[in-house]
Amino acid sequence: MKGLYLVEPVVAVYAFASFMVYPLVQQYVYRRLWQQITNTSYPVIDTSSQCHTNSSNHSSHYEEVQKAASQFSMYSELFSMIPSLLMTLVLVAYSDQHGRKITIILPLIGSLVYCLCFLAVSIFELNLYLLIAASILSSLFGGVGTILGGCFSYVADLFEDGKQKMLRMAGLDMMLGLLSGMALISTGYFLHAAGFNWPFFTAAMFHLLNLVYAIFILEESRVIDSAAYSGTNTHIFKKLTLRIYSLFTVGSRRRNCLLALLIVIFCSFSFAYFGGMNLVTLYELNEPLCWNEILIGYGSALSTAVFAASFVGVYVLSRCLSETPIIFIGMLSVFIGLVMMAFIKTTLLMFLVRIPMLLAIMPFPVMRSMMSKVVSKSEQGALFACVTAMDNLTTTVANATFNVIYGATLSWFPGFSFLLAGAFCLIPISLLGILSFSGLEMSTESESLLAEEETQQTDNTPVV
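Residues numbered from 1 in each chain as written. Predicted model: local features only at pLDDT ≥ 70, side-chain atom pairs only at ≥ 80, totals over all residues. Heavy atoms only, no water.

Draft legend 1. Structural context of the overall build of the protein chain. If you tally the helices and strands in the protein chain, you get 19 helices and 0 strands. Looking at the protein chain as a whole, 57% of its 464 residues are labelled buried. Pairs at least 24 residues apart make up 86% of the contacts formed inside the protein chain by residues separated by at least 6 positions. In the structure as shown, the protein chain presents an accessible area of about 18,800 Å², 68% of it carried by carbon and sulfur atoms. (Helix = DSSP H or I, 4+ residues; strand = E, 2+ residues; numbered from the N terminus. Buried < 20%, exposed > 50% of the residue type's maximum accessible area, 1.4 Å probe, protein only. Contact = heavy atoms within 4.5 Å. Areas by Shrake-Rupley, 256 points an atom, 1.4 Å probe, with all protein chains shown as cover.)

Have a look at this one:
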């Protein structure tokens, strides 16, 4: 049976299963901490989303639980960060030599283990901090950065044309958003009807099916002569390190400056966007919104709908604008949305604030495409290993930082963290202006670089 060169189903199913679990984990931790801190059952809230009590006792409970939940999230992120980063660097760079499928299969195994561990904690009501151990264990298989880095490298292998590559990468982001949105909507109802156990089990089954597809159906995008890369493990890891290092040493100084600046812009924007958006669920659980699981599901789904809107934005705007203006429009969308979110006090406005952020994801696929065009085809894995590892590090640090800031400012201005995230958006916007007016942007150099690529390996890329 001939395999398929379609990595989109992997991203779609992975997004659905992962985003089914992500809000469940936050709410599960929140409810368990509520029970531990208050020695009472978690209050049941109807779909009106109004807080049913204004007593000072409950207000202090909400604040205490919010701080404990934000600290738990910070610990989970920090402890799993280092193994996840190391595995991302090794596996995605390794895929340049031995194929992309390893970067997809191992993270799927980790996600399956992650869901099963959460299911065990939920069923048997085990110690809550075992969830942090589950996060660390799953990170040893690579995590989300590894699978996305592998998938973007897979797409880069299939296409030579820059615009096609950009649209296909934007398509991956769209699949990520559409399926995660569907998961977030269904999760609220699923949780409301069946509790936590069945959603965790369902997510585990989706990861298992995805793993079967990746192993037996998905075709490898790079067919490489393994004899060309034979050697000891020490030699292999040395070559991986040198390949990442060579990204910033091989080529002209102008090319290296462009690549470094693009990575800094990418990571600084990721810091502001994901650092701010990570707090949305906690903010919605807190007074004065006090959302329940149904409203959280709808709100999260609207947030992830930006992936689909951003794909349409990239597709339409790429016909009449160059890459830099598209990135600027996306960053401006995030800046406006985060600043508005800082002052929201009602459910209606919390839904409407998603509208200004509909183009928020556009900068990511466009910058990935720009970086992919700068390096040679044999360096795609090393590039995306570097980018995804730095993006993971940036996102983890952002989540930890904003969780600490949120806990510290909760009592006097809960929206301060969103305002700060909006201010951080000005950094990549300023760097983008430097890129635009410095003359570093270039298309001819990247094309000539690809034309001059010389590798000693056999690299058979399928025609799509």
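From this point, the narrative continues.
Draft legend 2. Broad picture of helix 7 (residues 197-216). In a regular helix each residue adds 1.5 Å, so 20 residues correspond to 28 Å; helix 7 covers 29 Å between its end C-alpha atoms and thus fits that length. Those residues of helix 7 that are buried lie in contact with helix 1 (8-38), helix 3 (101-124) and helix 6 (162-194). (Expected span 1.5 Å × (residues − 1).)

Draft legend 3. Representation of the packing of helix 1 against helix 3 within the structure. It is at 11 Å that the axes of helix 1 and helix 3 come closest, and there the two elements cross at 30°. Classified by the angle between their axes, helix 1 and helix 3 sit roughly parallel to one another. Considering the relative orientation of helix 1 and helix 3, their crossing is left-handed. Along the contact surface, helix 1 presents Val-10, Tyr-14, Val-21, Val-25, Tyr-28 and Arg-32, while helix 3 presents Ile-104, Leu-108, Ser-111, Tyr-114, Cys-115, Phe-118, Val-121 and Ser-122. (Axes fitted to C-alpha atoms, helices over the stretch in contact; angles between N-to-C directions. Parallel < 35°, antiparallel > 145°, perpendicular 65-115°, else oblique. Left-handed = near helix turned anticlockwise from the far one by under 90°.)

Draft legend 4. Layout of the packing of helix 9 (residues 253-277) against helix 18 (residues 426-438). Two elements in contact, helix 9 and helix 18, have axes separated by 8 Å at closest approach and are oriented at 160°. Between helix 9 and helix 18, the interaxial angle falls into the category roughly antiparallel. The two elements helix 9 and helix 18 meet at a crossing, and its hand is left-handed. On the side of helix 9, the interface is formed by Leu-258, Leu-261, Leu-262, Val-264, Ile-265, Ser-268 and Phe-269, while helix 18 contributes Ile-427, Pro-428, Leu-431, Leu-432 and Leu-435. Each residue belonging to the contact of helix 9 with helix 18 can be placed in one class, and the counts come to 11 nonpolar, 1 polar and no charged. (Nonpolar A, V, L, I, M, F, W, Y, C, P; charged D, E, K, R; others polar.)

Draft legend 5. Summary view of the pattern of salt bridges. Taken as a whole and assessed by the stated rule, the structure comprises 7 salt bridges. Measuring nitrogen to oxygen at the nearest pair gives 3.0 Å for the salt bridge that ties Arg-100 to Asp-96. Pair check on accessibility: Arg-100 and Asp-96 agree, each one buried. Residue classification places Arg-100 among the buried residues on the basis of a relative accessible area of 0%. Each of Asp-96, Arg-100 and Asp-157 takes part in salt bridges that share partners, so that together they form one network. (Salt bridge = Lys/Arg side-chain N within 4 Å of Asp/Glu carboxyl O.)

Draft legend 6. Expanded view of the nonpolar core. Ile-104, Tyr-273 and Met-371 are the most contacted members of the largest nonpolar core, which has 131 residues in total. Looking at this core element by element, the count peaks at 16 residues for helix 1. Not counting residues within four places of it along the chain, the set of residues in contact with Tyr-273 comprises Val-306, Val-334, Met-357, Ala-360, Ile-361 and Phe-364. (Core = buried A, V, L, I, M, F, W, Y, C linked by side-chain atoms within 4.5 Å.)

Draft legend 7. Structural context of unusual backbone geometry. In this structure, Pro-288 follows Glu-287 across a cis peptide bond, with omega equal to 5°. By secondary structure assignment, the location of Pro-288 is in the loop between helix 10 (280-285) and helix 11 (293-304). Not every positive phi belongs to a glycine, and Asn-39 is a case in point at roughly 55°. Positionally, Asn-39 belongs in the loop between helix 1 and helix 2 (56-98). Asn-39 gets classed as exposed once you look at its relative accessible area, which sits at 66%. Even without being a glycine, Cys-290 presents a positive backbone phi close to 50°. Structurally, Cys-290 can be placed in the loop between helix 10 and helix 11. Assessed through its relative accessible area of 0%, Cys-290 is described here as buried.

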